[in-house]
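What follows is each chain in one-letter form.
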Amino acid sequence: MTEENYRHVYVVIEHIDGKILPVSLEMLGEARRLFDDFNARYSSNEKIVAVILGNNIKDFSKELIEYGADAVVCADHPELKDLRNTIHTKVISQIALDKEIASRIEPDYAKEFKKPRYIFFAADSIGRHLSSTVLVELESGLASDINKLVIHDMTVTHQIKTEGKPTLFKKTLEMYRPDFSGFLWTTILCLNNTTPSIKREYYPQGCSIIPGVFEPIKPDPKRSGEIIFYEPKIEENDLKVKVLSHKIVKSEVDFEIRKAVVSFGRGIKDAPDENIKLVVELAKQLDAEIGISLPISKKLLPASQAISSTYMIPARVIGTSGSKISPMLYVAIGISGAMQHIAGMQDSEFVVAINPDENSPIKNECDIFINGRMEDVIPLLVEELKKQQQVVQAG
Amino acid sequence: MEPLNLAVIVKLEPDFSEGNVSYKPDGTLNRNETKSTLGPHSGIAAKAAFYAKVRYGAKISVCSMGPPWADIALQQAQQTCDADVLHLYSDRIFAGADTLATAETLKTGIEKMEGKMDIVFSGHRASDGETGQTGPQTAWKLGFTFIGNVISYDVNLEKRTVVAKCLLTLNGVPNVIEEIEAPLPVFLTIDPSYKSNFTTVSQRIAFEKYQKEAYERARNFKQSLKVFNIDELGVDKTLVGLAGSPTIVYQVERIPKGKATRQAEVFDGSNSEHIRKVVAKMREALSAMVIK
């Protein structure tokens, strides 16, 4: 067995209510960039295979090819209308192992094909769980919440996997994931065990990708690709799980309709309740929506139930694990500026930061840096806003 | 009708709450100085199991994989859900496991528990690892129907089914709430916004009764605790720990600081003239005719 038995990158596409999710096109874009380089470097012709499951979804295939897929495997079946973890996991795994499909994707390697080389999912409520169960079914490794990918040959020494011997792993996918603080980057590798007593081949190398990180390619209507219809094998017993209802919920937070967003971070910590009230007052004056940094959503600061359930909620998070916004005015209060937050607000037109620490990274990301504690600065800002507002009204 | 047989998977995690967490000057976690506690998402999973105990009557077993001192996480969970049984899977060989190998250990432990499980609960994700993979992977190994992001659920004891409401958070489209019905056994991962609703008087009475019992049990938690090493658990050594982990952490580095994208003008927050200028600039930014 060699790595030649494992081929292509399979990208699991998500769609909901008739729309392909942006993250799926972003994943195809990154796969395209990685594989154009991969095929040139390794003189190979491996493919980007989009995998899509659903009912009446044939029309999506063309769009996926325009966005970079070389082949689309389409499992179109009435029982795939709803997303049921068991059925979807089995069908994705069937597709990943299907030799007939592989022979249509790359006839030259029809006999050798065993499993996909890589598989990508979205790191959202759908992909996070599907990736987990599919990778158990395919008996391989998975890294979650990835925001950078690199492929190359690596020599790795690992006490258990390689018995401490330097070992060459060809075409290894380096998967980078930012940690919860946003300051550290961990590289995860999915590697075969070469140690004889535990010898095992781990393919596909799987990951889930953070939405909003990668750019889709410019869609090209002239791109061509292979569309493969797959007839899924669905077990009677799995149909006992039923989706009884499916409702779109209006979020209580809407960043799109406001010109301004005011966000706060861990800098509120000395008096969370009082400081959040200050932020709310400033937001009111600016007619702004209120955002937060990721740590705030973990509800680790002592705040009253009413304040915490209104403002310290995941729906308000700005950043890679929340919303990506581009308001005309963004005010960052007591936010240090971890990369994961910056990624969510850097497209704002004008950025004001309030922070007592001139060395915090947010200073590199703002147009105005107000040096001071929020407790002191916000009341002055609010007062001045009221004053200037009055002047306009009087005039 | 048989009472429900429930298991909860919990994890000992760094305590990120203010006062207990310690960061190094560079902003990264100082693990040596940071205390450990029952992970907040694990706590919510225990709360969800307690709901079934109050509502339907149930036997609850809580389990964890971790170092010997992870027994405090089990104790805290017991106080939340009035668990009857506590299992700790603790062995040096388990250390360094990725999610697949962890799921193998947890699956083996749950299958070793008394009677067949009806529902297994786990948290949404750990606050240190944050992968959210261990729950669904354990579910798949157990062969249980997996339902994620659960914000509320109810059990039909006669039909032996569960109906769960799930919140799907997606990017670029509005969120979705789905209601899913599935025959037992099921594996539920509980969303942070989960709420238990105790509506009737008898439920509230049961709630208080079990809460008192939970407090007593947790005080003497060692009586409910059983610790398993790898041999006692009887799990295949090549499928757990580092040997059973497809993935490794290859390196950890600081995320390089991005180049300054903007040139900040610095103002003094205590200077009223500066504040006046800042407000003028903010108002200008808001009134700019920007076509987006």
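Before any of the text, the structure's been laid out above.
Notes on the structure in this doc start here.

Conventions used here
- Residues numbered from 1 in each chain as written.
- Chains lettered and ligands numbered in written order.
- Predicted model: local features only at pLDDT ≥ 70, side-chain atom pairs only at ≥ 80, totals over all residues.
- Helix = DSSP H or I, 4+ residues; strand = E, 2+ residues; numbered from the N terminus.
- Buried ≥ 20, exposed ≤ 12 C-beta atoms within 10 Å, placed from the backbone.
- Contact = placed C-beta atoms within 7 Å.
- Pairing = 2+ DSSP bridges.
- Core = buried A, V, L, I, M, F, W, Y, C linked by C-beta atoms within 7 Å.
- Axes fitted to C-alpha atoms, helices over the stretch in contact; angles between N-to-C directions.
- Expected span 1.5 Å × (residues − 1).
- Parallel < 35°, antiparallel > 145°, perpendicular 65-115°, else oblique.
- Left-handed = near helix turned anticlockwise from the far one by under 90°.
- Nonpolar A, V, L, I, M, F, W, Y, C, P; charged D, E, K, R; others polar.

Below, the discussion takes up the overall build of chain B. The number of helices and strands found in chain B is seven helices and 13 strands. Seen along its three principal axes, the alpha-carbon backbone of chain B occupies a region of about 75 × 45 × 35 Å. Put simply, chain B has 292 residues, and 47% of those count as buried. In chain B, the share of contacts with a sequence separation of at least 24, taken over all contacts with a separation of at least 6, comes to 72%.

Before going further, it helps to spend a moment on unusual backbone geometry. The step from Y203 of chain A to P204 of chain A runs through a cis peptide bond, and the omega angle for that step is -5 degrees. With respect to the element layout, P204 of chain A can be found in the loop between β10 (184-190) and β11 (205-209). Geometrically, the link from L184 of chain B to P185 of chain B is a cis peptide bond, its omega value of 0 degrees lying close to zero. At S43 of chain A, a position not held by glycine, the phi torsion is positive, near 45 degrees. Within the secondary structure, S43 of chain A is located in the loop between α1 (22-42) and β4 (48-54). Take S43 of chain A: there are 6 C-beta atoms within 10 Å of it, and that puts it in the exposed class. Of note in the backbone geometry, K171 of chain A takes a positive phi value of approximately 50 degrees without being a glycine. Here K171 of chain A is to be found in strand β9 (residues 167-178).

Here the focus is the environment of V72 of chain A. Note on placement: V72 of chain A falls in strand β5 (residues 71-76). Distance in space between the C-alpha atoms of V72 of chain A and I52 of chain A is 7.4 Å, their sequence separation being 20 residues.

Our next topic: the interface of chain B and chain A. Each partner contributes to the interface: chain B provides 81 residues, whereas chain A provides 90 residues. If you list the elements that add at least two residues to the side of chain B that touches chain A, you get α3 (99-112), α4 (134-142), β7 (145-156), β8 (161-168), β9 (175-183), β12 (247-254), β13 (265-268) and α7 (272-287) of chain B. A total of 11 residues in the side of chain B that touches chain A trace back to one element, the largest contributor, which is α7 of chain B. As paired elements, strand β13 (residues 242-249) of chain A and β9 of chain B share seven bridges and run antiparallel to each other. Following the sheet pairing, K242 of chain A is matched in β9 of chain B by E181 of chain B.

Formed by 144 residues in total, the largest nonpolar core has its most connected members in V11 of chain A together with V8 and A49 of chain B. With nine residues, the single largest contributor to this core is helix α1 (residues 40-56) of chain B. Beyond its immediate sequence surroundings of up to four residues, A49 of chain B is in contact with L6, V8, I60, C81 and F121 of chain B. In terms of nonpolar packing, the next biggest core, distinct from the first, is built from 60 residues, L286, I292, M312 and I354 of chain A among them.

Let us now look at the pairing of strand β1 (residues 6-12) of chain A. Remark: a regular strand shows side chains that alternate across the two faces of the sheet. Residue and element names in this part refer to chain A. Most of β1 is tucked away: seven of the seven residues are buried. Both β1 and β4 contribute to a ladder of four bridges, which runs parallel. When the sheet's bridge partners are listed, V11 is paired in β4 with A50.

Our next topic: the sheet that holds β9 of chain A. Taken in spatial order, the four strands make up an open sheet running β8(A)-β9(A)-β10(A)-β12(B), and their pairing is antiparallel. Each edge of the open sheet is held by one strand with a lone partner, namely β8 (148-156) of chain A together with β12 of chain B. Between one strand axis and the next, the sheet turns through 30 degrees on average, direction left out of account. Across four bridges, the pairing between β9 of chain A and β10 of chain A is antiparallel. Within β10 of chain A, the position partnered with Y176 of chain A by the bridge is T187 of chain A.

The terminal C-alpha atoms of helix α6 (residues 272-286) of chain A, which comprises 15 residues, lie 21 Å apart, in line with the 21 Å expected from a rise of 1.5 Å per residue. In the stretch just after α6 of chain A, D287 of chain A is the one whose phi turns positive, near 50 degrees.

Looking now at α4 of chain B. All names here are of chain B. With nine of nine residues buried, α4 is to be regarded as a mostly interior element. Along α4, the positions that sit buried rather than exposed are T134, G135, P136, Q137, T138, A139, W140, K141 and L142. A positive phi of about 80 degrees marks G143, the residue just after α4.

Turning to the packing of helix α2 (residues 71-81) of chain B against helix α5 (residues 201-219) of chain B, a few remarks are in order. Residues and elements named next belong to chain B. Close contact between α2 and α5 brings their axes to 7 Å; oriented N to C, the two are set at 160 degrees. Taken together, the axes of α2 and α5 are roughly antiparallel relative to one another. The interaxial crossing formed by α2 with α5 has right-handed handedness. Listed contacts from α5 to Q75, Q78, Q79 and C81 of α2 are A214, Y215, R217 and A218. Of the residues contributing to the contact of α2 with α5, the split by class is four nonpolar, three polar and one charged.

Spatial relationships are all this shows, so hold off on functional conclusions.
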